[in-house]
Amino acid sequence: MSDKIVNNDLIGAVWPTNLPGNNSESDLYGSVVLQTNGSVEARSLQTFRLVYTAGPYGMDDTGSIRVVFRFAADAGRLQTSDPAAYDFVSAHTSSGARINLFYQDFGSQRPWIKSLTARLHHGYISEGDTITIVFGDTSQGSPGMRMQTFCDSGFEFRVLSDVCAVGHYLPLRNQPVIDIVPGRPHCWRAILPSLRRPGETFHLGIKAEDKWGNPTDQADGRFRLETNLPVNNLPAEIEFRKGDKATTIENLSVDAPGLLTIRLLEDDACLAEAGPLVIQDGRLSGFWGDLHGQSAESLGTGTARQYFDFARNKSFLDLTAHQANDFQVTTAFWQQLNELTTEFQEDHRFVTFPGFEWSGNTCVGGDRNVYFRHEGRQIHRSSHALLADRSDIETDAQSASDLFRALADEDCIVYAHVGGRYADIGYAHDPRIETAMEVHSAWGTFEWLLTDSFALGYRPGVVCNSDGHKGRPGASYPGTSKFGAYGGLTCFLTEELTRDAIFECLRRRHHYGTTGCRMFLDVRALFAGSARLYERDPNAYPDAASREVDEAMMGDIVRTNDETFTLQLEIVAHAPIERVEVRNGDQTIETLRPYSEADLGSRIRVVWSGAEYRGRGRETTWTGRARFNGPFIKRLEKINLWNPERKIQQNGSDTVEWHTLTTGNFGGFDAYLDQADTGELDLQCNHGSLTVPLNEINIDDIVLDAGGLNRKVRVFRLPEHNPHHQIKQTIQIPLKPEGDNPIWVCVTTEDGFQAWSSPIYIFQ
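Residues numbered from 1 in each chain as written. Predicted model: local features only at pLDDT ≥ 70, side-chain atom pairs only at ≥ 80, totals over all residues. Heavy atoms only, no water.

Summarise the sheet that holds strand β39 (residues 564–572); cite the residues concerned and give the values.
Strand order in this open sheet of 4 strands is β37-β34-β39-β52, and the pairing throughout is antiparallel. This sheet does not close on itself; its edge strands, each paired only once, are β37 (551–553) and β52 (726–734). For this sheet, the mean inter-axis angle between neighbouring strands, taken without regard to orientation, is 20 degrees. Of the pairings in the sheet, the one linking strand β34 (residues 520–526) to β39 comprises 7 bridges and is antiparallel in character. Bridging across to β39, Arg 524 finds its partner in Gln 568. (Pairing = 2+ DSSP bridges. Helix = DSSP H or I, 4+ residues; strand = E, 2+ residues; numbered from the N terminus. Axes fitted to C-alpha atoms, helices over the stretch in contact; angles between N-to-C directions.)

Next up, the structure:
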């Protein structure tokens, strides 16, 4: 079997145990052939003819075949009602029996959830007769079937048959597989880390991506590398050849402190800029990781080996981990994951952790990510829902409370997160091992998970990951499906890149998360009087060691007699900084901007955000228009429009229309007006309306509350040009005398990215 195609023996899936005959390895139940022209491009329009040939049993009246597709697949939604529209499907038999054809988004078991069923009626078929299904049938005007947006070397049209019309569907012995490949280069990416010390090594990653974020092998050429600081071991030029999807330049270093950027140039045109990378003396460096995603052995895409390769060599991460839904993890796959983390683990270059996603229902605690420091540990599943092998079922942890008890003596770390299920941290929490809350992933943004923890007296750190299902850890574009956001990243602040150092970093909460960018963020508390820093949370470890300090970094837990402290911030971002919110718990106590009201121009920003509710159906669709009565729009810039098929567009000289979605995150646009002091903004959308004179739109948000979960529209004014990529500032903050003061910041850049620091927990 190709190492690019998932071994079905590793996939947790349960099919009917009773078979019509005595041999599941033959073609007793039929065979299938897919007529295709080889590899197809992501999101291209295609037509496929799938021919099922009946075996010795034939197929009885009301029997059927079912073609199923993976949950993560975001191909066009198949339909049978409009032969001139996208994704039209037709079917016929060779015998003259009729076919009832219908599609369901949730019509089969995971991971093959999406299903097209072709059911016989008014007749049957005999051995040798055929059922032909045409996907993307263009014969009556349909443009064809829209392929999924991401690459997959093992995309299956998985065919099941119910030959006896009993409602039991069996997978056929041989399954059609196609290779979905990237499209033409759309943009270039050049990627650096965010923090290193003078003389410390780092690497530069370069790749071209197609329109949908897939690293493409169709780019070629010679390119110059231009830096603003001398870089050891950096070539002046690089060559990209067709067939290469990415390249990494290793063992780079800078000798003196500074702020490094590297530009990728073709002739005199800048294709991409990497950085800024802060080079400074100090105890810590910043290492970037995405520790949460899946491959096709569970609910994702591609093989687990491809997953780890992508993280290291296509998104240029420093560390990663794989998180399969536990009730799909077979014993063989758990062993393979442990072998892969051992193989890819390389201290000081690329760190991996064995782990799994504990996937209990929300009513028994909800999703948790479990990371072991070492291989060979026992997996404690929430259930054996899709596992035929029951030999280790006694090791299951059926609730989050059971999980924490099972892990009490393990060398491990746990995150709480929000995915299909969300973690109920009020149901169960162990502060000794559950050290972080995942506040952003491709599923959306979930600040509420962290603020809920404050109300419960917990002291977790902040992490962000992709929770990606499309085989692209560290660069997880959402495509066109349920995922509405670009996947997140976490920066780990440690002395070195080793498993031990990362684990200590997690236990001290010395990390921050972003929505996918790699900005530099430093948050410190400075104390004028007595302050005592605890090495571990004293709520969990009453005898935790402590020491006197005059400053603390993000994630630290500090007791002080001071009534105020000085917060010191330093931010260096890839894009202009729009705002920095300084928060104490769930309250924003100050909003910092690198510009003043005097700098504002004729740029009006409109953004919408939020979700329906906390559960699976959280996606909020936004349909609306904004009319600027009086001025005309000189230029329109879109924010966080990750799906190119969604709409934010100018209509006429004064109107913007949109049809997008959010899942807790935000999107929107900037309208650059010819003048913005007269006239009014008239905004109408499916969640409310807002009319406001333009001269009343200023630096502060005007908010339309749209209900739901933190669902709102915000309107405010920005400078025509904001050159500020850096903020370095100190502010004086009073402390509440009772309970914790969780002090954290949220940074928003003008291009729509965000970062959150782990809180500094200060109490008196």
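Give me the lowdown on the packing of aromatic side chains, citing residues and values where you can.
Under the definition given, this model contains 35 aromatic pairs. Ring centres 5.9 Å apart and planes at 85 degrees place the aromatic pair Trp 334 and Phe 356 in the edge-to-face group. Here Trp 334 is found in helix α2 (residues 331–344), whereas its partner Phe 356 is found in strand β26 (residues 355–358), with 22 residues between them in sequence. Joined through ring pairs, the aromatic side chains of Phe 48, Phe 69, Phe 135, Phe 155 and Phe 157 make up one cluster. (Phe/Tyr/Trp six-rings, centres within 6.5 Å; stacked < 30°, edge-to-face > 60°.)

Report on α2, specifying residues and quantitative values.
With 14 residues, α2 should reach 20 Å at 1.5 Å per residue; the first-to-last C-alpha distance of 20 Å fits that figure. Those residues of α2 lying buried are Phe 333, Trp 334, Leu 337, Asn 338, Leu 340, Thr 341 and Phe 344. Axial view of α2: buried residues confined to an arc of 160 degrees, hence all on one face. Packed against the buried residues of α2 are α1 (304–313), β25 (351–353), β26, β27 (368–372) and α5 (499–508). (Expected span 1.5 Å × (residues − 1). Buried < 20%, exposed > 50% of the residue type's maximum accessible area, 1.4 Å probe, protein only. Arc of directions from axis to C-beta. Contact = heavy atoms within 4.5 Å.)

How would you summarise helix α4 (residues 447–455) if you had to cite specific residues and measurements?
Of all the residues in α4, the buried ones are Trp 448, Leu 449, Leu 450, Ser 453 and Phe 454. Turning to α4, the residues buried within the fold contact β28 (412–416), β29 (434–441), β31 (461–464), β51 (709–719), β53 (741–749) and β55 (760–763). Where α4 ends, the next residue or the one after it, Gly 457, has phi of about 85 degrees, a positive value.

So what about the sheet that holds strand β14 (residues 177–181)? Which residues, and what values?
The 3 strands are arranged β2-β14-β11 in an open sheet whose pairing can be described as mixed. Two strands close off the open sheet at either side, each with one partner strand: β2 (40–41) and β11 (152–156). The pairing of β2 with β14 spans 2 bridges and is classified as parallel. Residue Glu 41 lies in a different strand from β14, and its bridge partner there is Val 181.

Break down unusual backbone geometry for me, citing the residues and quoting the values.
Omega for the bond connecting Arg 110 with Pro 111 falls within 30 degrees of zero, at 5 degrees, which places this linkage in the cis form. Relative to the elements of secondary structure, Pro 111 occurs in the loop between β7 (98–104) and β8 (114–121). Cis peptide bonds are those with omega within 30 degrees of zero, and the linkage from Gly 275 to Pro 276 qualifies with 5 degrees. Tracing the chain through its elements places Pro 276 in strand β22 (residues 269–279). At Phe 316, a residue that is not glycine, the phi angle is positive and equals roughly 60 degrees. Residues other than glycine seldom take positive phi values, yet Asn 640 does so here, at roughly 55 degrees. Along the polypeptide, Asn 640 turns up in the loop between β44 (633–639) and β45 (647–651).

Could you give me a rundown of the pairing of β26, with the residues and numbers involved?
Side chains Gly 355 and Glu 357 of β26 all project onto a buried face; the interleaved residues Phe 356 and Trp 358 project onto the opposite face, where all are buried too. Pairing analysis gives 4 bridges linking β26 to β27, with the strands arranged antiparallel. If you follow Gly 355 over to β27, its bridge partner there is Tyr 371.

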